[in-house]
Amino acid sequence: MDFSRSTFPPDFLFAAATSSYQIEGHGFGGAGPTHWDTFAATPGNVVRAEHGQIACDHYNRWEEDLDLMQAMGLDAYRFSTSWARVLPEGRGTVNQKGLDFYDRLVDGMLARDLKPMATLYHWELPAALADLGGWRNPDIAHWLADFATIVMERIGDRVFSAAPINEPWCVAWLSHFMGLQAPGLRDIRATAHAMHHVLTAHGRCIQAMRAIGMNNLGAVCNFEYVQAATDTPEASEAARRYEAIYNRFFVGGLFQGAYPDEVLEGLGPHMPKGWENDFDLIGQKLDWFGVNYYTCKRIAADSGPWPSLREVEGPLPKTQMGWEIKPEGLEHILTWLQQNYTGALPLYVTENGMANADDTTTPDDARMDYLDAHLAASQRAIAAGVPLAGYTFWSMMDNYEWSLGYEKRFGLVHVGFDTLQRTPKASYHAIARALAR
């Protein structure tokens, strides 16, 4: 690989990320059912109806996995906590085995000189709360804040950083408007409520963690580089609507106390009562901001109802997910955020990586080229004045890729899902050499 640790600032952090449901094995340790379990059990939602009951068995193999991170030379590990593992019903009685697991995990990171970067919620809502409306229910802000307090009273004194929610767009839009992830709805009113409540829940969680003395708190959103598919006014307008939904809605709420007009054009009539009064809560002071970036999108106009747009396949090389590879888009997003929203706030690339074929017997060149190009884009952003403080590989290991089951492999470490054997890929070894001190 072309990059090395010495080509980045001395205090720049290199990390890898995972998420709880995707790797832990939700059938272990007293975890309660989640809306992902019921979504996966519904025919047609997930490839081969695969689920996360075993996943990578990280719940039992966490020491081996942390050893791999340490041997790779990482500075930090971005992990998430499972709400239903700690609170099987989402509220009420605490599962001490769940808290004990995260306690051991954080101590294990520190013993290996890995900074723990915690995310409270990475999509696996307790089924009992889904029964109460989930993200459509305004009370979810208080439920998640209570969970934050319980978890962080146990591990908050030792984590390096914390963020409440991973990728609000996926939690709200992908899951309630497009129906592609749990709970699998296609309902514009549910979407409007979820889009807002995911931000009020963020704000309540920041308040809850500040109340117990935590700092270095942030937010993590996903972004795409958006282009009009054709050189027409109609395509340009459609691309701007898509970009407002995907890129500007959540940062508008977090940093500007407003939502884009292009989104309110469609969601406005369906927003929860009094939403205009919640921006003081949503805009809690942050210490950093995280950027998840993978791809670009080409958008054309569509004659259907709002948002009246469709995605168009582009000409660039693609990952196993079918996503175009456009590293310049990461540089654009970082500089755009710094100039328009985040200013001097430290930024982190909190996810970046590619799904590639099962390639443990090949040089893994495509993944190494992808990572090299995006790290180079990060360096250009730093040179342009962006206060970028770290970069996170997604993912540390092959895992449960949600509705796509176990087919799409993002990992630097291959997982044989029949044997659960871990095998570092060529990209893992190349990164280890690049990060060697």
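Just above sits the structure.
Analysis parameters
Residues numbered from 1 in each chain as written. Predicted model: local features only at pLDDT ≥ 70, side-chain atom pairs only at ≥ 80, totals over all residues. Heavy atoms only, no water. Helix = DSSP H or I, 4+ residues; strand = E, 2+ residues; numbered from the N terminus. Expected span 1.5 Å × (residues − 1). Polar contact = N/O pair within 3.5 Å; in protein donor to acceptor, adjacent residues only side chain to side chain. Buried < 20%, exposed > 50% of the residue type's maximum accessible area, 1.4 Å probe, protein only. Pairing = 2+ DSSP bridges. Salt bridge = Lys/Arg side-chain N within 4 Å of Asp/Glu carboxyl O.

*Asks:* Run through helix α9 (residues 188-211), naming residues and quoting values.
*Replies:* With 24 residues, α9 should reach 34 Å at 1.5 Å per residue; the first-to-last C-alpha distance of 35 Å fits that figure. The opening residue of α9 is Asp187, an N-cap whose side-chain oxygen sits 2.9 Å from the backbone nitrogen of Arg189. Looking at the residues trailing α9, positive phi occurs at Gly213, about 90 degrees.

*Asks:* Before we move on, could you go through the pairing of strand β3 (residues 115-121) and cite the residues and values that matter?
*Replies:* Burial runs high along β3: six of the seven residues are buried. As judged from the five bridges shared by strand β2 (residues 76-80) and β3, these two strands associate in the parallel manner. Following the sheet pairing, Ala76 is matched in β3 by Lys115. Relative to strand β4 (residues 161-165), β3 runs parallel, the two being bridged by four bridges. Counterpart to Thr119 in the pairing with β4 is Ala163.

*Asks:* So what's going on with the pattern of salt bridges? Which residues, and what values?
*Replies:* Scanning the model with the defined rule gives 27 salt bridges in all. Here Asp287 ties to Lys285 by a salt bridge, and the two come within 2.9 Å at their closest N and O atoms. Since its relative accessible area comes to 57%, Lys285 is described here as exposed. Here Glu311 ties to Lys297 by a salt bridge, and the two come within 3.5 Å at their closest N and O atoms. Taken together, the residues span a long stretch of sequence, with Glu311 in strand β7 (residues 309-312) and Lys297 in strand β6 (residues 288-301) at a distance of 14 residues. On the basis of relative accessibility, which here comes to 44%, the residue Glu311 falls in the partly exposed class.

Keep in mind these values describe shape, not function.
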